[in-house]
Amino acid sequence: MAEEDKEQRTEEATEKRREETLKKGRTAQSREMGSTFVLLASLWMLYAFGGMMRSTISEMMVRAFAESSRYNLTDETIRPLVLHYFKETMIILGPVMAAIMVFGVVSTILQNGGIVLSLDPLVPTWTKINPLNGLGRFFNMNALAELLKSLLKIAIVGGVCYAVLRGEWSQLPMLADKGVDEIVAFTARAGLRLMFYVFLLLVALAAADFVFQRYSFAESIKMTKQEVRDEHKETEGDPITKQRIRSAQYAMARRRMMEEVPKADVVITNPARLAVALAYQKDKMEAPKVVAKGAGHIAAKIREIAREHDVPIVEDKPLARLLFKTIEVGGTIPEELYRAIAEILAYVYKLKGKVF
């Protein structure tokens, strides 16, 4: 059933689906990218402050060994001694740990494309605490892929470490005759060299894993054609409902238009198919205005209302056709039609005994 559902998810995720997924705290995250940033922070801090850290650690070790003979180690004295050296160690390593934390946060922000705050992953659900679901997460294709990827990474990193440290093995026996400073210097040099090569390897692995995670995430949020249609219907509205709304709006507009026909001065027809009602108030309008127009049964209704309210009806096929095509309801007559309309209005006003 899951395979069938996966086969049906052929459509790219819409912007709305991506936003909803982001709100739930689901993003494309590469663990290798985070590891690379953490290692970068360590390298940077050791390069910048390694000398000072080495000197401080050396002094602390020399002081500890020199003063060890004075200590009478008992249950009461060993605790403050351990706390003292623990505080000193934390002061030395504090900047490195802070840099690692900052770089880890930066890695997450860069992969997410910004800061993502979501409590959804913390909300307890039955699927999260169900032991059967938990076992299912351990024994699925994703878990197997992660296991194989981890084993491959361990093998590659292990090979790199072996190749780097093999050149240092010959110097290990000579460390027995060296002082603390030389031992620390050797360890720091070998460690930095090792971390540098591992960092280069992790950069390549992180780039490949980041591309893969983006692809896997995009595949996991794909939608079926029905989901796309449902979302479009939810966003844009049901087409049937929208059609009903448009029909209701059109009916209201037509009703308001018909209410203006009794106020018209003349209705120009062609004579059977089209009807255009014009009104003109000399003190309020610069030019005559189209108050109603229609074709077919709407034109017939306009003529019917005009007859009921003694609005003159004038047949003029070319003019009726031109007015119907070029002027919307509420629009005024253009200058090129002034003369033709003025002649009709003059004729109508003469019939009514008005002055134009």
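Residues numbered from 1 in each chain as written. Predicted model: local features only at pLDDT ≥ 70, side-chain atom pairs only at ≥ 80, totals over all residues. Heavy atoms only, no water.

### Side note on the overall build of the protein chain
Here's step 1: Secondary structure assignment for the protein chain yields 13 helices and four strands.
Here's step 2: Going through the 356 residues of the protein chain one by one, you find that 27% of them count as buried.
Here's step 3: For the protein chain, the share of sequence-separated contacts (at least 6 apart) that also reach a separation of at least 24 residues comes to 73%.
Here's step 4: Of the roughly 24,400 Å² that the protein chain leaves accessible, carbon and sulfur atoms contribute 62%. (Helix = DSSP H or I, 4+ residues; strand = E, 2+ residues; numbered from the N terminus. Buried < 20%, exposed > 50% of the residue type's maximum accessible area, 1.4 Å probe, protein only. Contact = heavy atoms within 4.5 Å. Areas by Shrake-Rupley, 256 points an atom, 1.4 Å probe, with all protein chains shown as cover.)

### Quick notes on the environment of Glu335
Here's step 1: Note on placement: Glu335 falls in the loop between α12 (317-326) and α13 (338-352).
Here's step 2: Considered as a pair, Glu335 and Ala287 are 48 residues apart in the sequence and their alpha carbons are 8.6 Å apart.

### Considerations on the pattern of salt bridges
Here's step 1: By the definition in use, this model includes four salt bridges.
Here's step 2: Taking the shortest distance from any N to any O, the salt bridge between Glu260 and Lys263 comes out at 3.6 Å.
Here's step 3: Look at Glu260 and you get partly exposed, because its relative accessible area is 30%.
Here's step 4: As a salt-bridge pair, Glu343 and Arg339 come within 3.6 Å of each other at their nearest N and O atoms. Here Glu343 and its partner Arg339 are both found in helix α13, four residues apart, which amounts to about one turn of the helix.
Here's step 5: With a relative accessible area of 68%, Arg339 lands in the exposed category. (Salt bridge = Lys/Arg side-chain N within 4 Å of Asp/Glu carboxyl O.)

### Structural notes on the nonpolar core
Generally speaking, soluble globular proteins have nonpolar side chains that are buried together.
Here's step 1: Ranked by size, the top nonpolar core spans 19 residues in total, and within it Val266, Ile268, Leu278, Leu323, Ile333 and Ile341 carry the most contacts.
Here's step 2: Where this core is concerned, the elements lending two or more residues are β1 (266-269), β2 (274-279), α12 and α13.
Here's step 3: In terms of nonpolar packing, the next biggest core, distinct from the first, is built from 16 residues, Met257, Met258, Val267 and Ile302 among them. (Core = buried A, V, L, I, M, F, W, Y, C linked by side-chain atoms within 4.5 Å.)

### Brief notes about the pairing of strand β3 (residues 289-295)
Here's step 1: Where burial is concerned, most of β3 is hidden: five out of the seven residues are buried.
Here's step 2: Pairing of β2 with β3 involves six bridges; the strand directions are antiparallel. Bridge pairing links Ala275 to Gly294 in β3. (Pairing = 2+ DSSP bridges.)

### Notes on a nonpolar patch on the surface
Here's step 1: A contiguous nonpolar patch, built from Met101, Val102, Val105, Val106, Ile109 and Leu110 and spanning about 520 Å² of accessible area, is present on the exposed surface.
Here's step 2: By the element assignment, Met101 lies in helix α4 (residues 75-112).
Here's step 3: Judged by relative accessible area, Met101 falls into the exposed class, the value being 57%. (Patch = residues over 30% accessible without salt bridge, like charges linked within 9 Å, V, L, I, M, F, W, Y side chains within 5 Å.)

### A word on unusual backbone geometry
Here's step 1: With phi around 55°, Asp310 is a residue other than glycine that occupies positive phi space.
Here's step 2: As for its position among the elements, Asp310 is in the loop between α11 (297-308) and β4 (313-315).

### Some points on the packing of aromatic side chains
Geometry of an aromatic ring pair is reported as the spacing of the ring centres plus the angle between the planes.
Here's step 1: As enumerated under the stated definition, the model contains two aromatic pairs in all.
Here's step 2: Between Trp44 and Phe103, the aromatic rings sit 6.0 Å apart at their centres with planes inclined by 35°, giving tilted as the arrangement. Here Trp44 is found in helix α3 (residues 31-67), whereas its partner Phe103 is found in helix α4, with 59 residues between them in sequence.
Here's step 3: Look at Phe196 and Tyr197: their rings are 5.7 Å apart centre to centre, the planes differ by 75°, and that puts the pair in the edge-to-face class.
Here's step 4: A cation over an aromatic ring shows up here: Lys293 above the ring of Phe324, its NZ or CZ 5.0 Å from the ring centre. (Phe/Tyr/Trp six-rings, centres within 6.5 Å; stacked < 30°, edge-to-face > 60°. Lys NZ or Arg CZ within 6 Å of the ring centre and 35° of its normal.)

### Focus on α12
Here's step 1: For α12, the complete set of buried residues consists of Leu319, Ala320 and Leu323. The buried residues of α12 all sit within an arc of 100° when viewed along its axis, so they share a single face. For α12, the exposed residues lying more than 90 degrees away from the buried face are Pro318 and Lys325.
Here's step 2: Residues of α12 that are buried in the fold lie against β1, β2 and α13. (Arc of directions from axis to C-beta.)

Any functional reading would require information that these geometric values do not contain.
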